[in-house]
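# Commentary on secondary and tertiary structure
Residue strings, one per chain:
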Amino acid sequence: MKLINKKFPRTALIALGSAVLCSLLFVCGVFNYPENKVYDTLIKQTAELSVPSDDIMLILLDQESIDWAQQELGWSWPWPRKAYADIVNFLADGGANSLAFDVMFTEPSVYGDADDEYFAKASAKFAGVIHTVFLSEEYGNTSTFPNDIKSAYFDLSNFSPKLLAKTCPPYPGIFPIKTLRSTAGGMGNIRSTSDADDIIRRTNLFYMVDGKAVPSLGMAQLLVRDGKNETLTFNPKNQTATLMGKTIPVDKNSKPLLRFRGDLDRYIPYNAMQVLSSWYALKNGEEPVLLPEDFANKYVFFGFYAPGLFDLCTTPISSKYPGVGVHITMLDNFLQDDFIYQAPLKYSLMAVAIAAFLGAFSLAFTEHIPFIRKHALVFSLFVVAALTLVLIFVNALIFTKGLWLALITPATALVFSYMLTVLADYAFEGKQKKYLKSAFKQYLSPAVIDQLILHPDRLRLGGERKEISVYFSDLQGFTSISEKMEPEVLTSFLNDYLSAMSDVILKYGGTIDKYEGDAIIAFWNAPTEQKDHAQRALEASMECQRILAKMRPDLATRAKKGVYMRIGLNTGVAVVGNMGSRNRFDYTMLGDSVNLASRLEGQNKQFGTYTMCTKSMKEAAEKTGCHVKFRELAKLEVVGKSEAVTVYQPLLQEEYEELKDILPIFDAGLKLFYKGELQKALEVFEKIKTKDEPAARYCQKCTKLLAGDLSDWQLGVWVADTK
């Protein structure tokens, strides 16, 4: 097939320009954030495919252990150092390789010097204990590395002074007390470095302090048993480090990418109670829960896991990931030799160039196939979509093999070069209106097409991120209503209802996304800009409820029951644009803010309300002069969200007049609920429960919470148990 024609030079130039531009942006770090998010997704999706190392074991000091020690041994918190010493004795007796404490022993024991001495003697006998140091990055701290620490370090004779100065500046740190550090088998750094978005994807193999290459907590376990320095070499040509005969892929700062295995529970953790009770049982000639031999030749980590004690960090696996998990992952990746390799720059740039040329020539390719030439634009969209899917599939496939190749940058080059080619055809051939209308009429409304014709810069394949106000509505009990109606009657009923509600939404400038049976989904501030979009959405919702109230007698007669509508509203950032499948496209929206509005529509059932909005919508509407009255309902954690949002009930004027004497009482009960004073809150809500449905629902909630276990309850939060 001959593609060389009058368009070829222009298309080739577009491809080359797109490749160069995207490559420059990639090299300058513009794509770092989205590329990192792809890495996070791939790690999360592939975590279960890898198996944690059998050579690593975990001991956690959890709440169960604290309670047991209080009841059985009379230990209050903090525990005496004897507890940790006995754990050391247990592991030493079983022949464990080493024990790394993810605990800072920076102060003497509150039980006296003898307590510390007991711990120190156990550590000296075992010789496999690793204590933690925190190597600070605060300038001005003049403390130095204590000379009484007898630990193994990395030998960095291969590293250039320039590299060490760049990647491992000689910062001071925080160390264990002298009694413990002088008898420890080694020291490990617990400080992990995160990327610009505060997510830990890499971590340091070592930090330099006073000329000593102090290993991270996980890597220290490799050195402690032999008690000697190990040579760590760096190969700048292929960005790798070598340790104990194994190759570690690292970045320019000698940090490896971690392959997380998922939750720490996959390592089958034991708690401190099991270990200590087993040790004391053995000492008393009784049957233990665990045998010391269970830990033979194992690398053991000890960490705090009780509420308020353990440290959390953000990783691709979770935003609340135990800090010790980073060090476990580092050691695990080394033992199994499966760190993630980041593809060399030249391969990423090659992928960008190939993608840019494929995208640019997609339209030209389809234009030269006779039987689809008439619809070349549509088919070229399919080609670009297929190429994008192939790119995603190949990227995911090679990631499972341990290689991380850029995805967003080549995909951007693919789409960008394609879009530029299409726009160039439009600009040079004077077919703008005809092109846009013929290409997009199948999946965009005429109003949207008109906006694209007037403002073609708004065309974003895949959509654009912007703040919108989202509206979800649904009829209460529609399933039972529809089951009782003949099809013709149901159709007439729905048409009347949907037409009336749609007229209101359009009157206030809303864009109707879709209808799903009786449900209406709409949004404001796209495709046209509306500074008062939150106010428009709220006022439209209030008028919809007013119109429905007027229609209710007639609709109720036809439905043989009362007809009520639930509405969920939210203002937030979402992706809005051209999205869909290969065969059908829609101008629509997606994102967490959209999902939240959908959840709120359903959550009206929990409170006996019919309209609910978020705090973000309330505040945005009030900024533009909205006079809708609001009643704060709850700090609500909806299904699928880990953080609570404050939600409100917008009130019609007549509703507000009816409730204005009740609302202060409700607010007082709500404040008590937020404070966790459930009994007092219940007493307040009891006063108005017959007059106010949300108050009645809070009575039920308080009663249920008071009858249950409150240890896992997040103070003041109403956790939804249904969508």
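Residues numbered from 1 in each chain as written. Predicted model: local features only at pLDDT ≥ 70, side-chain atom pairs only at ≥ 80, totals over all residues. Heavy atoms only, no water.

### Focus: the overall build of the chain
Helices and strands together make up the secondary structure of the chain, namely 24 helices and 26 strands. Here the chain holds 723 residues, and 53% of them are scored as buried. Counting only contacts in the chain whose residues sit at least 6 apart along the sequence, the fraction spanning at least 24 positions is 75%. For the chain, the exposed area adds up to about 33,700 Å²; of that, 54% sits on carbon and sulfur atoms. (Helix = DSSP H or I, 4+ residues; strand = E, 2+ residues; numbered from the N terminus. Buried < 20%, exposed > 50% of the residue type's maximum accessible area, 1.4 Å probe, protein only. Contact = heavy atoms within 4.5 Å. Areas by Shrake-Rupley, 256 points an atom, 1.4 Å probe, with all protein chains shown as cover.)

### A word on the pattern of salt bridges
For the structure shown, the criterion picks out 26 salt bridges. Here aspartate 532 makes a salt bridge to arginine 536, at a shortest N to O gap of 2.9 Å. Judged by its relative accessible area of 26%, arginine 536 is partly exposed. Put simply, lysine 660 and glutamate 657 hold a salt bridge, and the shortest N to O gap is 3.2 Å. (Salt bridge = Lys/Arg side-chain N within 4 Å of Asp/Glu carboxyl O.)

### A closer look at the pairing of strand 25 (residues 645-651)
Along strand 25, 6 of the 7 residues are buried, which leaves the element largely enclosed by surrounding structure. Summarising the sheet, strand 23 (residues 611-614) and strand 25 pair through 2 bridges and their orientation is antiparallel. Paired with threonine 614 across the two strands is valine 647, which belongs to strand 25. Looking at chain direction, strand 24 (residues 629-637) and strand 25 are connected through 7 bridges and run antiparallel. When the sheet's bridge partners are listed, phenylalanine 630 is paired in strand 25 with proline 650. (Pairing = 2+ DSSP bridges.)

### Structural notes on the environment of proline 249
Looking at the element boundaries, proline 249 is found in strand 11 (residues 246-249). Proline 249 sits in the buried class, given a relative accessible area of 6%. C-alpha of proline 249 to C-alpha of glutamine 239: the two residues are 10 residues apart in sequence and 6.2 Å apart in space. Ignoring anything within four residues of it in the chain, the contact list for proline 249 reads Gln239, Thr240, Lys255, Pro256, Leu257, Phe339, Ile340 and Tyr341.

### Quick notes on the packing of aromatic side chains
In this structure the tally under the stated criterion is 31 aromatic pairs. With centroids separated by 5.6 Å and ring planes inclined at 80°, the aromatic side chains of phenylalanine 101 and phenylalanine 119 adopt a geometry described as edge-to-face. Taken as a pair, phenylalanine 101 in strand 2 (residues 98-101) and phenylalanine 119 in helix 5 (residues 113-126) lie far apart in primary sequence, 18 residues in all. Like phenylalanine 101, the residue phenylalanine 119 is buried in the burial classification. Each member of the aromatic cluster is reached from another via a ring pair, and the members are Trp75, Trp77, Trp79, Tyr84, Phe101, Phe105, Phe119, Phe302 and Phe304. For lysine 629, the ring lying beneath its charged end belongs to tyrosine 656, and the centroid distance is 5.2 Å. (Phe/Tyr/Trp six-rings, centres within 6.5 Å; stacked < 30°, edge-to-face > 60°. Lys NZ or Arg CZ within 6 Å of the ring centre and 35° of its normal.)

### Comments concerning the confidence of the model for the chain
For the chain, per-residue confidence averages 86 on the pLDDT scale, and residues scoring 70 or more make up 88% of the total. For the stretch residues 440-445, pLDDT sits under 50, and the model shows 14 contacts to residues farther than four places along the chain or on other chains. (pLDDT = per-residue confidence, 0-100.)

### Structural notes on the pairing of strand 8 (residues 212-215)
Across 4 bridges, the pairing between strand 7 (residues 206-209) and strand 8 is antiparallel. Across the sheet, residue methionine 208 finds its bridge partner in strand 8, namely alanine 213. Between strand 7 and strand 8, which pair antiparallel and follow one another directly, the connecting turn spans 2 residues, one of which, aspartate 210, has a positive phi of 50°.

### Details of unusual backbone geometry
Going from tryptophan 77 to proline 78, the amide bond is cis rather than trans, its omega being 5°. Tracing the backbone shows proline 78 in the loop between helix 3 (63-73) and helix 4 (81-94). Here the amide bond leading from alanine 526 into proline 527 is cis, since omega sits at 5°, within 30 degrees of zero. Positive phi, close to 70°, is recorded for alanine 127, a residue that is not glycine. Residue placement: alanine 127 occurs in the loop between helix 5 and strand 3 (129-135). Residue classification places alanine 127 among the partly exposed positions, given a relative accessible area of 36%. The backbone phi angle of methionine 244 is positive, close to 50°, even though this residue is not glycine. Its location among the elements puts methionine 244 in the loop between strand 10 (240-243) and strand 11.

### A short note on the nonpolar core
Ranked by size, the top nonpolar core spans 53 residues in total, and within it Phe154, Leu205, Phe206, Met219, Leu232, Ile248 and Phe301 carry the most contacts. Within the residue set of this core, elements represented by two or more residues are helix 2 (32-46), strand 1 (56-61), strand 7, helix 8 (217-224), strand 9 (230-235), strand 10, strand 13 (299-304) and helix 10 (324-336). With residues up to four places along the chain from it excluded, the contact list for isoleucine 248 reads Leu205, Met219, Gln239, Thr240, Ala241, Leu243, Pro256, Phe334 and Phe339. One finds Leu490, Phe493, Leu494 and Met617 within the second-largest nonpolar core, a separate group that totals 40 residues. (Core = buried A, V, L, I, M, F, W, Y, C linked by side-chain atoms within 4.5 Å.)

### Digging into a nonpolar patch on the surface
The grouping of Leu16, Val20, Leu24 and Phe357 at the surface amounts to a nonpolar patch, some 350 Å² of accessible area in total. It is helix 1 (residues 8-27) that provides the largest number of residues to the nonpolar patch, a total of 3 residues. Note on placement: leucine 24 falls in helix 1. (Patch = residues over 30% accessible without salt bridge, like charges linked within 9 Å, V, L, I, M, F, W, Y side chains within 5 Å.)

### Some points on helix 22 (residues 663-675)
For helix 22, with 13 residues, the first-to-last C-alpha span of 18 Å sits near the 18 Å given by 1.5 Å per residue. Residues Leu663, Phe666, Gly669, Leu670, Leu672, Phe673 and Tyr674 constitute the buried set of helix 22. Packing partners of the buried residues in helix 22 comprise strand 24, strand 25, helix 21 (653-659), helix 23 (678-686), helix 24 (693-707) and strand 26 (717-719). Count one or two residues on from helix 22 and you reach glycine 676, which has phi positive near 85°. (Expected span 1.5 Å × (residues − 1).)

### Let's talk about the packing of helix 4 against helix 9 (residues 272-283)
One way to put it is that helix 4 packs onto helix 9 with a least axis distance of 9 Å and a crossing angle of 70°. With respect to each other, helix 4 and helix 9 are oriented roughly perpendicular. Seen from helix 4, the contacting residues are Lys82, Ala83, Asp86, Ile87, Asn89, Phe90 and Asp93; seen from helix 9, they are Ala272, Val275, Leu276, Ser278, Trp279, Tyr280 and Leu282. Looking at the contact of helix 4 with helix 9 residue by residue, the class counts come to 9 nonpolar, 2 polar and 3 charged. (Axes fitted to C-alpha atoms, helices over the stretch in contact; angles between N-to-C directions. Parallel < 35°, antiparallel > 145°, perpendicular 65-115°, else oblique. Nonpolar A, V, L, I, M, F, W, Y, C, P; charged D, E, K, R; others polar.)

### Examining the state of the cysteines
Evaluation of the coordinates by the stated rule reveals 0 disulfides. For cysteine 702, which is in no disulfide, the shortest distance to another cysteine sulfur is to cysteine 699 and amounts to 6.9 Å. (Disulfide = S-S within 2.5 Å.)

### So, the packing of helix 23 against helix 24
One way to put it is that helix 23 packs onto helix 24 with a least axis distance of 9 Å and a crossing angle of 155°. Classified by the angle their axes make, helix 23 and helix 24 are roughly antiparallel. Relative to helix 24, the crossing made by helix 23 is left-handed. For the pair helix 23 and helix 24, contact is made by Leu678, Gln679, Ala681, Leu682, Phe685 and Glu686 and by Ala695, Tyr698, Cys699, Cys702, Thr703, Leu705 and Leu706, respectively. Class assignment for the residues of the contact of helix 23 with helix 24 results in 10 nonpolar, 2 polar and 1 charged. (Left-handed = near helix turned anticlockwise from the far one by under 90°.)

### Digging into the environment of lysine 531
Mapping lysine 531 onto the fold places it in the loop between strand 20 (519-524) and helix 18 (533-559). In this structure the C-alpha to C-alpha distance between lysine 531 and alanine 621, which are 90 residues apart in sequence, comes to 9.7 Å.

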